[in-house]
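Structure at a glance
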Amino acid sequence: MTHVRLAISQFRPAKGEYDANVARIGGVIAQAAQLDPKPDLVVFPETATSGYFVEGGVKELAVTAGTLARDLAAAYQGPAIDVVVGFYERFQNHIYNSALYATLHKKKPEVRHVHRKVFLPTYGVFDEERFVDRGQDGVRSFATGWGGTAAMLICEDAWHSLAATVAALEGAQLIIVPSASPARGLGEPEDEGCEGEALPASVVRWERIVRGIAEEHGVFVALANLVGFEGGKGFPGASAVIDPTGTVIARGPLFEEALLTADIDLDALTTARSDSPLLADLQSALPVLTRSLSGQKQNEKVRFDPATNGIPAHRAPRTTLVDVVAKREAEQDPLAIDPELTRKWLVSFLKDEVVRRRNFKKGIVGLSGGVDSALTAFLAAEALGKENVIGVRMPYRTSSPESLEHAQLVIDKLGIPSLTIDISDAVDGYLKQVGDADPHRLGNVMARERMIVQFDLSAKHKALPLGTSNKSERLLGYFTWHGDDAPPVNPLGDLFKTQVWALARHVGVPEEIVGKPATADLIKGQTDEGDLGVSYAHADRILYYLIRGETPQGFIKEEVEIVRQRLDSTHWKRRLPTVAVLSQTAIGEFYLRPVDY
């Protein structure tokens, strides 16, 4: 068979629900089998049976390859078809991040290969090596049900060029890459292969990698990406099929479940390898390249012949000096974002985290009249529907009338239901009993009272409180602990204040809200920048460099020290309470489960 039809499922697993996920996978395979023509192969992403970030839950979710093959066969009743499914595997008393390749048919399912992930990311948001073992079988090619030869690499395996090289040298015509790689990066330039579409920077980089694999080795590559959000980390989809010239012939949508199909012609491998015989060159040169790895010539110096006849070069006539050309890099704003991509990303985040992960239909937003809460309301109205977002105004007797007016402006523009709860009696009643209320304590009590209101209304209306704190406030510690940082879902927490302003303008927040000085409105005349002693325009950029471990350039020393001191002294506000560790089952230290497990 030279013509092969692929189907890639951008799958959103139910976190930790093996049985439910296998049943849905069976349904997707059945849907694919009804297409005309029927796909020869259906590929699912990494950890499709469980979700990726399950931490210590792998011990509960891991199954043997034989078990998964049996369960898939039971969930799918249809014509013979090849499938690839990523899962956590039990094998010989170890747990692996694996991918199963099987042929499903009316007889007993045929397991053709199991690839166990070799490269386990343990950095940044990843901690795989703590929970699973490294695959010890390397990379192998294998015969498929459609007559060709394939190999599998799981996620980071593909980032290491040697793994794809081994697959190609083993004879793979198709390299299958199941992946669960969270999206990251809002402001990097697009790749020429993205055809003008705005993509997260990590997706652009992924495409460069798989296109490079395909072009260098003359193979087809099928990249299957997970979709959905797990604990705020968003899997973007954007799965792709790459031909042996490095061209993207199909790409899935961002952040949405989809079944992506593509037809490949294995005869194209012959043309590609003839036009660019890199794989043949590698096969010929491999003994030379690997000679030093064997240790045969590890300590030998390179040999060369001595000088021969001729005159020394310095006696030759001098030539005209050549022009020196230095490329000047255009200065780019490190905090620039693509606002439309960011909007789509955060709307998808709210849909997943509120509705799918936590089973709420409604959200509550405390509307202060400021840009942050207004932006959260705009995003929530798009994600949940305006009828499912409750805007709550919670004035204190000294609150600015402008704050109330601007909060009402958001309510009217979005057409969302609203409530106004005056917190004056509750705050004053408490402070009257304890006395000596300085402005700082008064502000903290107000912030925490507002959270009491929102969580009580949450129970009354079965609506989840949505956060409105931005990244600048969080890094600077400019918030009330267990007050305005309390909501369990926050779409703005990784956006600097200046990025919030940019996105707010893009989604249509009224300019009178976006353009006014930022203020918590807890003390008359108070402004954020007045309290901080530095503008957000400077603070955001100083923070950008400090949290990357770099030295901020172009700012006065006093401003840098203000920001550095606030950043270094407020780590405790960004963490859960510190608990004395007394056992080997301490929560968050040994007993590890993600928030959405």
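Before any of the text, the structure's been laid out above.
In short, a report on the structure. Keep in mind that what you see is a predicted model, and the values were worked out from it rather than measured.

Bringing helix α11 (residues 401–414) into the picture now. Every α-helical turn comprises 3.6 residues, leaving residues that sit three or four positions apart pointing alike. With 14 residues, α11 should reach 20 Å at 1.5 Å per residue; the first-to-last C-alpha distance of 20 Å fits that figure. Listed as buried for α11 are Ser403, His406, Ala407, Val410, Ile411 and Leu414. Seen from one end, α11 has its buried residues packed into an arc of 145 degrees, which puts them on one side. For α11, the exposed residues set more than 90 degrees away from the buried face come down to Pro401, Glu405, Asp412 and Lys413. Where the residues of α11 are buried, they touch α10 (371–384), β16 (389–393), β17 (418–420) and α16 (511–514). The backbone nitrogen of Glu402 lies 3.1 Å from a side-chain oxygen of the residue at the head of α11, namely Ser400. At the C-terminal side of α11, Gly415 shows a positive phi close to 70 degrees.

Now for the pairing of strand β15 (residues 362–366). Most of β15 is tucked away: 4 of the 5 residues are buried. Here β15 pairs with strand β18 (residues 463–465) via 3 bridges, running parallel. Across the sheet, the residue bridging to Ile364 is Pro465, located in β18. Both β15 and β16 contribute to a ladder of 4 bridges, which runs parallel. Considered in β16, the bridge of Gly363 is made with Val389. In this fold, the crossover linking β15 to β16 by way of α10 has right-handed handedness.

Here we come to unusual backbone geometry. With the exception of glycine, the majority of residues adopt a negative phi angle, and the majority of peptide bonds are in the trans configuration. Residue Pro37 follows Asp36 across a cis peptide bond; omega there is 0 degrees. Of note in this structure, Thr47 is not a glycine but carries a positive phi near 50 degrees. The phi torsion at Asn93 lies on the positive side, around 65 degrees, for a residue other than glycine. Relative to the helices and strands, Asn93 resides in the loop between β3 (81–91) and β4 (94–104).

What counts and how
- Residues numbered from 1 in each chain as written.
- Predicted model: local features only at pLDDT ≥ 70, side-chain atom pairs only at ≥ 80, totals over all residues.
- Heavy atoms only, no water.
- Helix = DSSP H or I, 4+ residues; strand = E, 2+ residues; numbered from the N terminus.
- Expected span 1.5 Å × (residues − 1).
- Buried < 20%, exposed > 50% of the residue type's maximum accessible area, 1.4 Å probe, protein only.
- Arc of directions from axis to C-beta.
- Contact = heavy atoms within 4.5 Å.
- Polar contact = N/O pair within 3.5 Å; in protein donor to acceptor, adjacent residues only side chain to side chain.
- Pairing = 2+ DSSP bridges.
- Right-handed = clockwise from strand over helix to strand, strands pointing away.

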